[in-house]
Amino acid sequence: MKNRRPAINDLLKVMARLRSPKGCPWDREQDHMSLRWHAVEEVYELLDAIEAKDDHELAEELGDLLLQVVFHCQLARERGAFDFEKVARIITDKLIRRHPHVFGNTKVTGVDQVWANWEKIKRAEKHGTKHARASVLDGIPKHLPALLRAEKLLKKAQRAKLMAQRSLKRKLTRGNLARQLFQLADYARSKGWSAEELLSTEIRKQEGVLRRRERK
């Protein structure tokens, strides 16, 4: 059996053809902005496949997500900005650089130390650039769903010891908490409010408080 060419090479060529003057009208009219939410949708479909434990769907959804990467790389290549090779090289080098306990001589005792080293290396990489992270709270994607963004913010704040110790008056089981979250979302709906927007607004307020606390 003859060796087949790597499928990624064929995918890159197909994407370039779709964007060519004789390619697909829809593909040709896309840009980074018009595609940005397609990637989000593909990620959610990937989550569905993972939770369904369906390997056929998993492989297909991973391909759909890869297409988004290849599409953006083709657009960037046309602009002379970067290409797929550069993107792959950047992530490969980053993985090696941020795992000195695997590819270097650094010793770690557990996952907590791995995360601490990762954050330290990340800050050093961005230091002195326009992407420098002056705050430990930087780096949370602003388009995350509000509840997930709240969790990320609280996790970073706790690691940086910016959170005051709180003692809950009563303890909730997972089930009770889940029901209360659902009931709160329903109450907001009944008032004509968006629970997502309410939480997003509160997150911005609390983030401001935490950032002021960090600067003291």
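Note that the structure is a prediction, hence the values are computed from the model and not measured.

### A few points about the nonpolar core
Move 1: Of all hydrophobic cores here, the largest spans nine residues; its members are Leu137, Ile140, Ala146, Ala150, Leu153, Ala157, Leu162, Ile203 and Leu210.
Move 2: Counting only elements with at least two residues in this core, the list comes to α8 (146-159) and α10 (195-215).
Move 3: Sorting elements by how many residues they give to this core places α8 first, with four residues.
Move 4: In this structure, leucine 137 is in contact with Leu153, Lys156, Ala157, Leu162, Glu207, Leu210 and Arg211, ignoring residues within four places of it in sequence.

### Thoughts on the state of the cysteines
Move 1: Tallied over the entire structure, the rule returns zero disulfides.
Move 2: Cysteine cysteine 24 remains unbridged, with the sulfur of cysteine 73 as its closest cysteine sulfur at 19 Å.
Move 3: On the accessibility criterion, cysteine 24 (24% relative accessible area) is partly exposed.
Move 4: For cysteine 73, a relative accessible area of 4% translates into the label buried.

### Considerations on the pattern of salt bridges
Move 1: Overall, the coordinates contain 10 salt bridges when judged by the stated rule.
Move 2: Between arginine 98 and glutamate 125 there is a salt bridge, and its shortest N-O distance comes to 2.5 Å. A residue pair is termed long-range when its members are at least 10 positions apart, and arginine 98 in the loop between α5 (84-97) and α6 (100-103) and glutamate 125 in helix α7 (residues 111-126) qualify at 27 residues.
Move 3: Residue classification places arginine 98 among the buried positions, given a relative accessible area of 5%.
Move 4: Between arginine 211 and glutamate 207 there is a salt bridge; the shortest N-O distance is 2.9 Å. Residue arginine 211 and its partner glutamate 207 are both found in helix α10; the two are separated by four residues, about one turn of the helix.
Move 5: Judged by relative accessible area, arginine 211 falls into the partly exposed class, the value being 22%.
Move 6: One salt-bridge network, in which partners are shared between bridges, spans Asp138, Arg149, Glu207 and Arg211.

### Comments concerning unusual backbone geometry
Move 1: At lysine 53, a position not held by glycine, the phi torsion is positive, near 55°.
Move 2: Secondary-structure assignment places lysine 53 in the loop between α3 (32-52) and α4 (55-79).
Move 3: According to the relative accessible area criterion, lysine 53 is exposed, its value standing at 73%.
Move 4: You will see that lysine 161, though not glycine, has its phi angle at about 60°, which is positive.
Move 5: Following the sequence through the fold, lysine 161 ends up in the loop between α8 and α9 (174-190).
Move 6: Lysine 161 sits in the exposed class, given a relative accessible area of 71%.

### Observations regarding the confidence of the model for the protein
Atomic detail in the predicted coordinates should be set aside for any region of low pLDDT.
Move 1: Summing up the model confidence of the protein, the mean pLDDT is 92 and the portion of residues at 70 or higher is 97%.
Move 2: Mean pLDDT per element in the protein: α7 is the minimum at 88, and α4 is the maximum at 98.

### Quick look at the packing of aromatic side chains
For any two aromatic rings, the description comes down to two numbers: the centre-to-centre distance and the angle of the planes.
Move 1: This structure, assessed with the given rule, holds three aromatic pairs.
Move 2: Ring plane angle 70° and centroid distance 6.4 Å describe the contact between tryptophan 26 and phenylalanine 71, whose orientation is recorded as edge-to-face. Of this pair, tryptophan 26 sits in helix α2 (residues 25-28) while phenylalanine 71 is found in helix α4, placing the two residues 45 residues apart along the sequence.
Move 3: For phenylalanine 71, a relative accessible area of 2% translates into the label buried.
Move 4: One cation-aromatic arrangement involves arginine 159 over tryptophan 115; the distance from NZ or CZ to the ring centre is 5.3 Å.

Calculation rules
- Residues numbered from 1 in each chain as written.
- Predicted model: local features only at pLDDT ≥ 70, side-chain atom pairs only at ≥ 80, totals over all residues.
- Heavy atoms only, no water.
- Core = buried A, V, L, I, M, F, W, Y, C linked by side-chain atoms within 4.5 Å.
- Buried < 20%, exposed > 50% of the residue type's maximum accessible area, 1.4 Å probe, protein only.
- Helix = DSSP H or I, 4+ residues; strand = E, 2+ residues; numbered from the N terminus.
- Contact = heavy atoms within 4.5 Å.
- Disulfide = S-S within 2.5 Å.
- Salt bridge = Lys/Arg side-chain N within 4 Å of Asp/Glu carboxyl O.
- pLDDT = per-residue confidence, 0-100.
- Phe/Tyr/Trp six-rings, centres within 6.5 Å; stacked < 30°, edge-to-face > 60°.
- Lys NZ or Arg CZ within 6 Å of the ring centre and 35° of its normal.

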